Amino acid sequence: MKKLYLSDTDKKICGVCGGIAEYFDIDSTLVRLAWVVLSLMSVGGGIIVYIAAALIVPKKPVSS
């Protein structure tokens, strides 16, 4: 089963957009652009959602 994790490799701030892009197997630039557009349309609501996601979404476990 597929799970959503913060990205370790494709991150600019916390890895939320990179993790979403990895989960849906799409380009992270598209996710980032969509997030910015939605944040501007919702008068900064996307920033609060980003911070919440950064705190809630787990980091990828280290496989040994």
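None of these values were measured; they are calculated from a predicted model.

What counts, and where the lines are drawn
- Residues numbered from 1 in each chain as written.
- Predicted model: local features only at pLDDT ≥ 70, side-chain atom pairs only at ≥ 80, totals over all residues.
- Heavy atoms only, no water.
- Helix = DSSP H or I, 4+ residues; strand = E, 2+ residues; numbered from the N terminus.
- Buried < 20%, exposed > 50% of the residue type's maximum accessible area, 1.4 Å probe, protein only.
- Contact = heavy atoms within 4.5 Å.
- Areas by Shrake-Rupley, 256 points an atom, 1.4 Å probe, with all protein chains shown as cover.
- Lys, Arg positive; Asp, Glu negative; His and termini not counted.
- Charge placed at Lys NZ, Arg CZ, Asp CG, Glu CD.

A.B. asks: Any chance you could break down the overall build of the protein chain for me, citing the residues and the numbers?
C.D. replies: Summing up its helical and strand segments, the protein chain has 3 helices and 0 strands in all. Going from the N terminus to the C terminus, the protein chain shows its helices and strands as α-α-α. Taken over the C-alpha atoms alone, the protein chain extends approximately 45 × 25 × 20 Å along its principal axes. In the protein chain, which comprises 64 residues, the proportion classed as buried is 30%. For the protein chain, the proportion of contacts with a sequence separation of at least 24, taken over those separated by at least 6, is 37%. Of the roughly 4900 Å² that the protein chain leaves accessible, carbon and sulfur atoms contribute 69%. One finds the centroid of the 7 positive side-chain charges in the protein chain at a distance of 6 Å from the centroid of its 5 negative side-chain charges.

A.B. asks: Lay out helix H1 (residues 16-24) with the relevant residues and their values.
C.D. replies: Turning to H1, its buried residues number three or more, namely Val16, Cys17, Gly18, Gly19, Ile20 and Ala21. Within two residues after H1, Asp25 carries a phi angle of roughly 55°, on the positive side.

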